[in-house]
Amino acid sequence: MTTEVDSLIAELERNISSVVLGKTDAVRMCLVALLAGEHVLLEDVPGVGKTLMAKALARSVSGEFRRIQFTPDLLPSDIVGSNVYSSQTGEFKFSEGPIFSNVVLADEINRTPPRTQSALLEAMSDGQASIDGHSHKLPTPFIVIATQNPFEFEGTYPLPESQLDRFLIRVSMGYPNREEERQVLISHRDKEPVDELQPVISGAQIIQIQEAVRQVTVEDSIYDYLLDLVSATRNCDELHVGVSTRGALCMYRATQALAMLSGRDYVVPDDVKTLAAPVMAHRVIPKGYLHAGQREAVEQLIERLVSDIKVPA
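Residues numbered from 1 in each chain as written. Predicted model: local features only at pLDDT ≥ 70, side-chain atom pairs only at ≥ 80, totals over all residues. Heavy atoms only, no water.

**Remarks on a negative patch on the surface**
Turning to step 1, where the next piece is worked out: A contiguous patch of negative charge on the surface is contributed by E219, D220, D224 and D228.
Turning to step 2, where the next piece is worked out: By the element assignment, D224 lies in helix α9 (residues 220-234). (Patch = residues over 30% accessible without salt bridge, like charges linked within 9 Å, V, L, I, M, F, W, Y side chains within 5 Å. Areas by Shrake-Rupley, 256 points an atom, 1.4 Å probe, with all protein chains shown as cover. Salt bridge = Lys/Arg side-chain N within 4 Å of Asp/Glu carboxyl O. Lys, Arg positive; Asp, Glu negative; His and termini not counted. Charge placed at Lys NZ, Arg CZ, Asp CG, Glu CD. Helix = DSSP H or I, 4+ residues; strand = E, 2+ residues; numbered from the N terminus.)

**Overview of the packing of aromatic side chains**
Turning to step 1, where the next piece is worked out: Going through the model one piece at a time under the given rule, you end up with 2 aromatic pairs.
Turning to step 2, where the next piece is worked out: An angle of 70 degrees between the planes, with centres 5.6 Å apart, marks the rings of F94 and F100 as edge-to-face.
Turning to step 3, where the next piece is worked out: Ring geometry for Y223 and Y252: centres 5.6 Å apart, planes at 25 degrees, overall stacked. Of the two residues, Y223 is situated in helix α9 and Y252 in helix α10 (residues 245-261); the sequence distance between them amounts to 29 residues.
Turning to step 4, where the next piece is worked out: According to the relative accessible area criterion, Y223 is partly exposed, its value standing at 36%.
Turning to step 5, where the next piece is worked out: Taking relative accessible area as the criterion, Y252 reaches 17% and is therefore assigned buried.
Turning to step 6, where the next piece is worked out: Taking NZ or CZ as reference, R264 lies 5.8 Å from the ring centre of Y266, over its face. (Phe/Tyr/Trp six-rings, centres within 6.5 Å; stacked < 30°, edge-to-face > 60°. Buried < 20%, exposed > 50% of the residue type's maximum accessible area, 1.4 Å probe, protein only. Lys NZ or Arg CZ within 6 Å of the ring centre and 35° of its normal.)

**So, helix α12 (residues 295-307)**
Turning to step 1, where the next piece is worked out: Between its first and last C-alpha atoms α12 spans 19 Å; for 13 residues at 1.5 Å apiece the expected length is 18 Å, and the two agree.
Turning to step 2, where the next piece is worked out: If you follow the buried residues of α12, they end up packed against β1 (40-43), β9 (169-171), α9, β10 (239-241), α11 (269-280) and β11 (285-286). (Expected span 1.5 Å × (residues − 1). Contact = heavy atoms within 4.5 Å.)

**Notes on the pairing of strand β7 (residues 134-137)**
Turning to step 1, where the next piece is worked out: Here 4 bridges tie strand β6 (residues 128-131) to β7, and the two strands are oriented antiparallel to one another. Within the sheet, the bridge partner assigned to S130 lies in β7 and is S135.
Turning to step 2, where the next piece is worked out: Linking β6 to β7, which pair antiparallel, is a turn of 2 residues; within it D132 sits at a positive phi near 50 degrees. (Pairing = 2+ DSSP bridges.)

**Here we look at the nonpolar core**
Turning to step 1, where the next piece is worked out: Ranked by size, the top nonpolar core spans 76 residues in total, and within it I16, V32, M53, I169 and L275 carry the most contacts.
Turning to step 2, where the next piece is worked out: Beyond its immediate chain neighbours, meaning those up to four positions away, V32 contacts L168, A254, A257, L258, L261 and L275.
Turning to step 3, where the next piece is worked out: Membership of the second largest hydrophobic core comes to 26 residues, among which are F70, I79, A119 and I131. (Core = buried A, V, L, I, M, F, W, Y, C linked by side-chain atoms within 4.5 Å.)

**Description of the pattern of salt bridges**
Turning to step 1, where the next piece is worked out: In total, this model carries 12 salt bridges according to the counting rule given.
Turning to step 2, where the next piece is worked out: Note that E43 and R170 form a salt bridge whose closest N and O atoms lie 4.0 Å from each other. With E43 in strand β1 and R170 in strand β9, this residue pair connects regions lying 127 residues apart in the sequence.
Turning to step 3, where the next piece is worked out: Since its relative accessible area comes to 7%, E43 is described here as buried.
Turning to step 4, where the next piece is worked out: A relative accessible area of 5% means that R170 is categorised as buried.
Turning to step 5, where the next piece is worked out: Within the structure, one salt-bridge network assembled from shared partners comprises D165, R246 and R283.

**Overview of the side chain of T116**
Turning to step 1, where the next piece is worked out: For T116, the position within the fold is in helix α5 (residues 114-126).
Turning to step 2, where the next piece is worked out: The class for T116 is buried, based on a relative accessible area of 3%.
Turning to step 3, where the next piece is worked out: Looking at T116, its side chain comes within polar contact range of the main-chain oxygen of L74, at 2.7 Å.
Turning to step 4, where the next piece is worked out: The residues contacting T116, other than those within four sequence positions of it, are F70, L74, L75, P76 and I79. (Polar contact = N/O pair within 3.5 Å; in protein donor to acceptor, adjacent residues only side chain to side chain.)

Structure, rendered in structure tokens:
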């Protein structure tokens with residue numbers, strides 16, 4: 001890893017953390033998704049900083065940023081765009097929707113029906129949007145930062161497991177401690193700090209770093225360690241469905257991104273441990289007394305499986 005890349009990543013992390021106070025772990029998880037070229041789901045109760053996190057990341061990267069507020073009456077065409085008839089030319093012209101941006105904030109994604117959710121998630125998966133039989137490529141870099149409230153809140157449509165699988169990582173913001181919350185009150189006394197953030201990295205630099213992430217070394221012992229964990233989820237008596245092969249690949253890519261974020265060009269077992277719950281918990285289907293909405297219980301189950309697996313020397 002070059003000193004320049006290391007410096008860019010550190011500056012990006014500092015920039016976001018300057019306004020998202022006391023959320024070091026959450027910031028790092030979001031950066032893992034960005035460096036891996038994937039998408040992130042921020043899930044927690046209202047008012048704990050999910051939208052702030054997304055805005056801070058978007059403003060730190062130069063490029064086009066769009067926010068989509070998901071509501072029950074939002075249509076797929078409101079996201080991907082539509083063909084509009086021009087009376088001057090007598091032809092239909094494609095009008096791009098807000099999905100054609102570098103950073104997209106999908107705010108409260110579970111407030112809109114599944115049909116509209118699918119329009120966004122299809123674009124995330126394929127990197128393109130199809131309208132009336134024609135495919136339109138999305139810009140690069142492209143990252144969706146989606147937020148959702150726990151589905152037990154009124155008026156929400158929980159994402160199916162197959163759609164949750166499109167997100168590399170699921171992050172919980174959590175409440176700040178007392179001192180952190182005091183700093184939040186002080187910093188918001190007469191302004192919104194996130195509105196003053198300036199970009200510290202370009203889209204082209206993000207793409208270069210994403211390419212470098214794929215060159216991070218993963219030793220054979222780490223492959224086996226990761227696959228042992230995947231196998232454990234599939235054989236667990238408390239789970240109906242374990243982590244898929246796509247989930248294993250996402251975990252592999254996430255460990256490479258975390259290694260680079262940590263200033264290394266190689267993956268270590270602690271990278272797998274750190275990412276196990278954020279990357280895997282939303283990809284499994286529990287049974288019995290657990291269900292997908294009990295995030296903390298499922299994450300604890302994943303961490304318990306990790307603790308039972310022998311760590312490579």
